[in-house]
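Given next are the chains, with one letter for each unit.
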Amino acid sequence: MNHTNLYSALRQGFPADLTQTAIETDQGLAYSWSDLERGSAMLANWLESLSLPPASRIAVQTEKSVEVLMLYLACLRCGHVFLPLNPAYQQTEIAYFVANAEPALVVCTPANFGWVSKVAFQAGTRYVVTLDDQRGGSLLERAAHHSDVHTPVISQSDDLAAIIYTSGTTGRSKGAMLTHHNLSSNALMLKAYWDWHDDDVLIHALPIFHVHGLFVAIHGALINGSKMLWHSRFDAERVLADLPRATLLMGVPTFYTRLLALPGLNAQVCAGMRLFISGSAPMLVDTFESWQQRTGHTVLERYGMSETVMLTSNPCTADERFGGASKRIGGSVGFPLPGVSLRIVDDQGLPLACGEVGSIQVKGPNVFAGYWRMPEKNAQEFTADGYFITGDMGTLDELGYVRIVGRSKDLIISGGLNVYPAEIEEALNNLPGVAESAVVALPHADFGEVGFAFVLARAGVELQPDHLLAALKTKLANFKVPKHCRVVTELPRNAMGKVQKNVLRELASKS
Ligand code: AMP
């Protein structure tokens, strides 16, 4: 049956017995499948009582909780557009998102209600309600008065389900518009490709404002009717303790390096595990191999992005090409997934031979509908024949394995979260006494990468690196703030006057 509403597609995967546990939380709570169905119905009925225009944006900046998941499902049920925001974002960042997306409803924590509501009402938002991570706040109070039965609207397959804000080199965040069909087709394809089993149990320790935790992990569990062991945040000790009760873990490479640091990680605690998946940032081959040695499991690395959901994956099951073995290769992100066309091209857009590094372009039912209200970006980032230019550089080998070699946009990925140097540079440049700055990535054993800022002072001004970083912390979410800062007398430039970031990366790595 071809469901166009994503909620209906996910709902198809729920087990027949809705009284079974769907989610067990680290706060000791158990939610049944029926709780998810009824809770999201009540929220959906409340949303409908507001008579918002169809496809209204619902912006949500809260801590991780099952109630946020229910709100997401409620938005899908009503045909509204879910817009998750990292709880670390500060006032200026939220002001930008709210002005850009014009949400009809903003959900924030009770603690932030004062400033969030001010910013939101100024931007024309009609409703601001609150939700904390202990089931408190005005959102649930209002939904409590509504029926727990709700029929999802029939969505057109190109109706928007979510907007995920990402960034560009200019530092301005872009809202990637994902449709019901983008998300349901990717979820159904991954269900088969990753060979979800009836008795799979997923450890969910990722944030849910991002594609990895919200779409890949949650959709996977829901569409397969699998239980989730829900961690409000990643804590290596707690995840280790849950491994004997689980079969699946999805994580960023930092999860794996932190778990490897625990002496208790061994083959015995992983004996019941079926699959370890890693993505969002490159996994070091060293981590991949150490994991194999310690646990006997081979991590499956996959590659995707906010604009496309999942694009490539190492094989999960036996593959005829390898004589019936399932060959996952460290340092590779695997093959283009079924339905995804992936090509590697040069600067002129011409296909490159195997092994040659070029720009990765993709096409498929998973590729987003474009950037929210940015027609000029859509014109730039899609080719004439409909391929999306990912901004990643990579290679393809003879067998079809994709390797990511770098990011054309100089993205820094710290702990699995993207940090865009241009945005940090802009914030630094706005600080008193700063003439110019350049931020590059420095490899880091735990976070994968951290930012390293080079700052040029205005004439006659003496700058203190510590003070600059402290000032940045008041302007930006903590994960974006560089871990290192050096005040320099000049920035290296090429003949065209562009700052040479490769030179800076070398300087940073030698420090
Ligand atoms: P996001 O939109 O936040 O999901 O970030 C997407 C970007 O993360 C991609 O464009 C890649 O640069 C990077 N990325 C995701 N998965 C991987 C991976 N397995 N290896 C290397 N880079 C990755």
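My aim in this report is to walk through the structure given alongside it, one point at a time. (Residues numbered from 1 in each chain as written. Predicted model: local features only at pLDDT ≥ 70, side-chain atom pairs only at ≥ 80, totals over all residues. Heavy atoms only, no water.)

**Considerations on the sheet that holds strand S9 (residues 201-204)**
Taken in spatial order, the nine strands line up as S2-S1-S10-S9-S11-S12-S13-S14-S15 in an open sheet, and their pairing is mixed. Among the strands making up the open sheet, the edge pair consists of strand S2 (30-32) and strand S15 (335-336). Across two bridges, S9 lies against strand S11 (residues 248-251) in parallel orientation. Bridging from a neighbouring strand, isoleucine 203 pairs with leucine 249 of S11. Its contacts with the sheet place helix H2 (residues 33-49) against strand S1 (21-25), S2 and strand S10 (227-230), and it is angled at close to 75° to S2. (Pairing = 2+ DSSP bridges. Helix = DSSP H or I, 4+ residues; strand = E, 2+ residues; numbered from the N terminus. Contact = heavy atoms within 4.5 Å. Axes fitted to C-alpha atoms, helices over the stretch in contact; angles between N-to-C directions.)

**A look at helix H14 (residues 465-473)**
Those residues of H14 that fall on the buried side of the exposure criterion are Leu468, Leu469 and Leu472. Considered in projection along H14, the buried side chains sweep an arc of 95° and stay on one side of the axis. Within H14, the exposed residues directed more than 90 degrees away from the buried face are Asp466 and His467. For H14, the elements touching its buried residues are helix H13 (421-429), strand S22 (434-444), strand S23 (448-457) and strand S24 (484-488). (Buried < 20%, exposed > 50% of the residue type's maximum accessible area, 1.4 Å probe, protein only. Arc of directions from axis to C-beta.)

**Quick notes on the nonpolar core**
Counting residues in each nonpolar core, the largest one holds 134 residues, and the members touching the most others are Tyr72, Trp194, Phe215 and Leu222. Examining the composition of this core, we find that 11 residues originate from one element, helix H3 (residues 66-78), more than from any other. Residues lining this core come from more than one domain, with at least three contributed by each of domain 1 (1-14 + 31-156) and domain 2 (319-407). When neighbours within four sequence positions are excluded, phenylalanine 215 is seen to be in contact with Tyr72, Ala162, Ile164, Leu178, Leu183, His210, Gly220 and Val309. Core analysis: the next-biggest nonpolar cluster, separate from the first, contains 22 residues, Ile412, Val419, Ala453 and Leu468 among them. (Core = buried A, V, L, I, M, F, W, Y, C linked by side-chain atoms within 4.5 Å. Domains from an automatic or database assignment.)

**Regarding the pairing of S23**
The buried fraction of S23 amounts to eight of the 10 residues, a majority that puts the element mostly inside the structure. Pairing between S22 and S23: 10 bridges, direction antiparallel. In the sheet register, histidine 444 faces S23, and the bridge partner there is glycine 448. Hairpin remark: S22 followed by S23, antiparallel, with three residues in the connecting loop. With five bridges connecting them, S23 and S24 associate as parallel partners. Pairing of valine 455 across the sheet is with valine 487, part of S24. For the crossover from S23 across H14 to S24, the handedness is right-handed. (Right-handed = clockwise from strand over helix to strand, strands pointing away.)

**Quick look at the pattern of salt bridges**
A complete count under the given rule lists 17 salt bridges for this structure. Between aspartate 200 and arginine 274 there is a salt bridge, and its shortest N-O distance comes to 2.7 Å. Residue aspartate 200 is found in the loop between helix H7 (180-193) and S9, and its partner arginine 274 is found in the loop between helix H10 (253-260) and strand S12 (275-278); the two are separated by 74 residues along the sequence. In the salt-bridge network here, residues are joined through shared partners; they are Glu24, Lys227, Asp242 and Arg245. (Salt bridge = Lys/Arg side-chain N within 4 Å of Asp/Glu carboxyl O.)

**Here we look at the site of the ligand**
Taken together, 17 residues sit near the ligand, with His210, Arg302, Ser306, Asp392 and Asn418 positioned nearest. Within the side chain of histidine 210, a nitrogen or oxygen atom sits 2.9 Å from an oxygen atom of the ligand. Between the ligand and serine 306 there is a distance of 2.7 Å, counted from an oxygen atom to a side-chain nitrogen or oxygen. A total of 500 Å² of accessible area belongs to the ligand in isolation, and the protein chains cover 95% of it. Counting only elements with at least two residues in the shell around the ligand, the list comes to strand S13 (300-305) and strand S19 (402-407). Sorting elements by how many residues they give to the shell around the ligand places S13 first, with five residues. Class assignment for the residues of the shell around the ligand results in eight nonpolar, five polar and four charged. (Near = heavy atom within 4 Å. Polar contact = N/O pair within 3.5 Å; in protein donor to acceptor, adjacent residues only side chain to side chain. Areas by Shrake-Rupley, 256 points an atom, 1.4 Å probe, with all protein chains shown as cover. Nonpolar A, V, L, I, M, F, W, Y, C, P; charged D, E, K, R; others polar.)

**Some thoughts on the environment of proline 53**
Checked against the element boundaries, proline 53 lands in the loop between H2 and strand S3 (57-61). For the pair formed by proline 53 and glycine 79, sequence separation is 26 residues and the distance between their alpha carbons is 9.8 Å. Here proline 53 is in contact with His80 and Arg126, once residues within four sequence places are set aside.

**Regarding the packing of H7 against helix H8 (residues 211-224)**
At a minimum axis separation of 9 Å, H7 and H8 run at an interaxial angle of 70°. One way to sum up the angle between H7 and H8 is to call them roughly perpendicular. Where H7 crosses over H8, the handedness of that crossing is right-handed. Between H7 and H8, the contacting residues are Leu183, Ala187, Leu188, Leu190 and Lys191 on the first element and Phe215, Val216, His219, Ile223 and Asn224 on the second. (Parallel < 35°, antiparallel > 145°, perpendicular 65-115°, else oblique. Left-handed = near helix turned anticlockwise from the far one by under 90°.)

**A look at the packing of aromatic side chains**
One pass over the structure, following the stated rule, counts 18 aromatic pairs. Judged by centre distance (5.0 Å) and plane angle (45°), the rings of tyrosine 89 and phenylalanine 97 are tilted. For phenylalanine 97, a relative accessible area of 4% puts it in the buried group. Arranged with centres 4.4 Å apart and planes meeting at 40°, the rings of phenylalanine 335 and tyrosine 401 form a pair that is tilted. You can see phenylalanine 335 sitting in strand S15 and its partner tyrosine 401 sitting in the loop between strand S18 (388-396) and S19, a full 66 residues away along the chain. Of the residues examined, phenylalanine 335 reaches a relative accessible area of 5% and is grouped as buried. (Phe/Tyr/Trp six-rings, centres within 6.5 Å; stacked < 30°, edge-to-face > 60°.)

**Concerning the pairing of S9**
Burial along S9 is two-sided: the face carrying Val201 and Ile203 and the face carrying Leu202 and His204 are both buried. Both S9 and S10 contribute to a ladder of four bridges, which runs parallel. Residue pairing across strands places histidine 204 opposite tryptophan 230, the latter belonging to S10. Crossover handedness for the path S9 to H8 to S10: right-handed.

**Let's talk about the side chain of asparagine 182**
Mapped onto the fold, asparagine 182 is located in helix H7. You can call asparagine 182 buried: its relative accessible area is 4%. Only 3.0 Å separates the side chain of asparagine 182 from the backbone oxygen of valine 367, close enough to count as a polar contact. Not counting residues within four places of it along the chain, the set of residues in contact with asparagine 182 comprises Met177, Val309, Pro365, Asn366, Val367, Phe368 and Ala369.

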